[in-house]
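Below are the chains, spelled out letter by letter.
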Amino acid sequence: MYKTLTDIRSALDSGQTTITDLVTKYLANIDANKNLNAFLEVYGDEALKRAGELDQKTKAKGKLYGLVIGIKDNICYTGHKVSAGSKILEGFQSIYSATVVERLLAADAIIIGRLNCDEFAMGSSNENSAYGPVLNALDNARVPGGSSGGSAVAVQAHMCHASLGSDTGGSIRQPASFCGVVGYKPTYGRVSRYGLIAYASSFDQIGPFSHSVEDTALIMEVLAGADDFDSTASSKPVPLYSAEKFEGKAKIAILKNTVDHSGINPEVRAETEKVIAKLRSEGHTVEEVDFSLTDYLIPVYYVLSTAEASSNLARFDGVHYGYRSPRSTDMDSVYKLSRTEGFGKEVKNRIMLGTFVLSAGYYDAYYSRAQKVRRMLSEQISAIFKKYDFILMPTAPSVAFKLGEKTSDPTEMYLADIYTVLANLVGTPAISLPLAKNSEGLPIGIQLMAEKHADAKLFAFSRTLMN
Ligand code: GLN
């Protein structure tokens, strides 16, 4: 399969392949990898039909002409099912398309199917999907990470060239790390959230998975930008991300208590230190900076994200959308039974937690305190970006863990997000690059963060690291 879209384009231009050929190959790969459970639905006939039409196109080819892409099952596509990995939306069809879907199609991409994910994007292992877990293609006994596990595996196993996921606390970067691909969370507000089924609206961003920074940047050129349907989408102009070059030497900060955290796997730590040593040997400045809030990251993230989720998920009431319990007899039981039967365990946990932290008696103790820590984090991180170009840390404290290994203890599962939630809490862009492996050959992602709206600089530097 081709490494980058540029390679695909030259193969198309020279007549070596056709879009129909490409789609046929991806469909064969999807078929051969059914056991991984990455796709919830494959748009086979539709993709082939569109491929045939695009093959006829001779001029005005879109920026993503030749790109075959899968979308996470929480992104709406008109006339297609969307379930957010939940039984409560089983059978529900979108009546409009997300802005990202409109933009992909307008740029001549082909959407090949809908990808499995944790229910309402809540999870770090893709074991919370109502449609069964997704398996890591490198080792089927291991998880792909979550919540966008299907999106990561679809790219990992070449079932499509790229995919879209959503990242609320790491759900693009952590599975990218576990699967050995590139995963990108844009600056908050860079990509419209219109048509994304909301989990925690002040954290959620849609972003791409791919095999290269080049493709990530190119896809972001199409996705990013203002949108009349999302007032939080920034109207800043979108640079030509794929053309940016990084000149000179970078100044990189390592936050204290991250790489040297007690919870990190020793091999992940050693590999991260190797990357740091290499950067230093190339003349970049890498310095440790004081940071005392590492232990607050997970608690603050889970207080705030569950609070927002409890409010966002109130709309799934058995009346407006999807599942209604056949056992319900009156209004009260429609709500209670539909939600009881429709939502899975983790989603219920979080609705309860979020409702609790927002309740009158506990609001000040939890929600409003967490908001204050979020503000402190933003201030500290902005101060660091006044002196440094990037912050570097591993994407996750471990490599892909075994299925079932963390399901009995939610707090242990939550710790898998320790390095990723920071970027969502403060709204900065962050990328996971497949730069290392452990002794068993399992991928280790290295994460780089840049200041808000420095997405272009982040791509440019990341490209130099991948070479
Ligand atoms: N693992 C985190 C959570 O469960 C992040 C999820 C996400 O980014 N959607 O909340």
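In what follows, the structure referred to is the one given above.
To keep things clear, this report deals only with the structure shown in the data block.

The rules behind these values
- Residues numbered from 1 in each chain as written.
- Predicted model: local features only at pLDDT ≥ 70, side-chain atom pairs only at ≥ 80, totals over all residues.
- Heavy atoms only, no water.
- Helix = DSSP H or I, 4+ residues; strand = E, 2+ residues; numbered from the N terminus.
- Rg over C-alpha atoms; globule rule 2.2 N^0.38 Å.
- Buried < 20%, exposed > 50% of the residue type's maximum accessible area, 1.4 Å probe, protein only.
- Contact = heavy atoms within 4.5 Å.
- Salt bridge = Lys/Arg side-chain N within 4 Å of Asp/Glu carboxyl O.
- Axes fitted to C-alpha atoms, helices over the stretch in contact; angles between N-to-C directions.
- Parallel < 35°, antiparallel > 145°, perpendicular 65-115°, else oblique.
- Nonpolar A, V, L, I, M, F, W, Y, C, P; charged D, E, K, R; others polar.
- Core = buried A, V, L, I, M, F, W, Y, C linked by side-chain atoms within 4.5 Å.
- Pairing = 2+ DSSP bridges.

Looking at the overall build of the protein chain
Part 1 of the reasoning: Along its length, the protein chain carries 15 helices and 11 strands.
Part 2 of the reasoning: Against the 2.2 N^0.38 benchmark of 23 Å for 467 residues, the protein chain shows a C-alpha radius of gyration of 21 Å, consistent with a compact globule.
Part 3 of the reasoning: Dimensions along the principal axes, computed over C-alpha positions, put the protein chain at roughly 65 × 55 × 45 Å.
Part 4 of the reasoning: Relative to its 467 residues, the protein chain shows a buried fraction of 60%.
Part 5 of the reasoning: Contacts in the protein chain between residues at least 24 apart in sequence constitute 75% of all its contacts with a sequence separation of at least 6.

Focus: the pattern of salt bridges
Part 1 of the reasoning: Under the definition given, this model contains 20 salt bridges.
Part 2 of the reasoning: One salt bridge connects glutamate 214 with arginine 463, and the closest N-O pair in it is separated by 3.8 Å. With glutamate 214 in helix 7 (residues 213-223) and arginine 463 in helix 15 (residues 455-466), this pair connects stretches of sequence that are 249 residues apart.
Part 3 of the reasoning: Since its relative accessible area comes to 22%, glutamate 214 is described here as partly exposed.

Some thoughts on the packing of helix 9 (residues 294-312) against helix 11 (residues 345-358)
Part 1 of the reasoning: Relative orientation of the contacting elements helix 9 and helix 11 amounts to 100 degrees, with a least axis distance of 7 Å. Relative to helix 11, the element helix 9 is oriented roughly perpendicular. On helix 11, the residues that touch Tyr302, Val303, Thr306, Ala307 and Ser310 of helix 9 are Arg350, Ile351, Leu353, Gly354, Thr355, Val357 and Leu358.
Part 2 of the reasoning: Among the residues forming the contact of helix 9 with helix 11, the class breakdown is 7 nonpolar, 4 polar and 1 charged.

Here we look at unusual backbone geometry
The bulk of non-glycine residues show a negative phi, and the bulk of peptide bonds are trans.
Part 1 of the reasoning: In this structure, the amide linkage connecting glycine 146 to the following residue, serine 147, adopts the cis form with an omega of 5 degrees.
Part 2 of the reasoning: You can see serine 147 is positioned in the loop between strand 3 (110-115) and helix 5 (149-156).
Part 3 of the reasoning: Of note in this structure, asparagine 37 is not a glycine but carries a positive phi near 65 degrees.
Part 4 of the reasoning: Note that asparagine 37 resides in the loop between helix 2 (19-32) and strand 1 (39-42).
Part 5 of the reasoning: A positive phi angle is found at alanine 84, which is not glycine, with a value near 50 degrees.
Part 6 of the reasoning: Within the secondary structure, alanine 84 is located in the loop between strand 2 (68-72) and helix 4 (99-106).

Focus on the nonpolar core
Part 1 of the reasoning: One finds Leu64 and Ile112 to be the most contacted residues of the largest nonpolar core, which totals 87 residues.
Part 2 of the reasoning: Among the elements that take part in this core, helix 7 stands out by supplying 7 residues, more than any other.
Part 3 of the reasoning: Counting residues in each nonpolar core, the second largest holds 59 residues, with Ile264, Val300, Val347 and Ile381 among its members.

A short note on the environment of lysine 49
Part 1 of the reasoning: Inspection of the secondary structure puts lysine 49 in helix 3 (residues 44-56).
Part 2 of the reasoning: The spatial distance from the C-alpha of lysine 49 to the C-alpha of histidine 261 is 52 Å, given a sequence separation of 212 residues.

Remarks on the pairing of strand 2
Part 1 of the reasoning: Within strand 2, 5 of the 5 residues are buried, which leaves it mostly tucked inside the rest of the structure.
Part 2 of the reasoning: Relative to strand 3, strand 2 runs parallel, the two being bridged by 5 bridges. Each bridged residue has a counterpart across the sheet, and for glycine 70 the counterpart in strand 3 is glycine 113.
Part 3 of the reasoning: With 3 bridges connecting them, strand 2 and strand 4 (residues 162-167) associate as parallel partners. From the neighbouring strand, isoleucine 71 faces strand 4, where its bridge partner is leucine 164.

With respect to the sheet that holds strand 5 (residues 182-185)
Part 1 of the reasoning: With mixed pairing, the 11 strands of this open sheet are ordered in space as 1-3-2-4-6-5-10-11-9-7-8. The open sheet has two free edges, formed respectively by strand 1 and strand 8 (285-289), since each of these has just one partner strand. Each strand of the sheet is rotated relative to its neighbour by a mean of 30 degrees, with strand direction disregarded.
Part 2 of the reasoning: Across 2 bridges, the pairing between strand 7 (residues 251-255) and strand 9 (residues 390-394) is parallel. Bridging across to strand 9, isoleucine 252 finds its partner in phenylalanine 390.
Part 3 of the reasoning: The sheet contacts of helix 8 (residues 266-281) involve strand 7, strand 8, strand 9, strand 10 (430-437) and strand 11 (443-450), and relative to strand 9 the element is tilted by about 145 degrees.
Part 4 of the reasoning: Contacting strand 5, strand 7, strand 9, strand 10 and strand 11, helix 15 crosses the sheet at an angle of about 10 degrees to strand 10.

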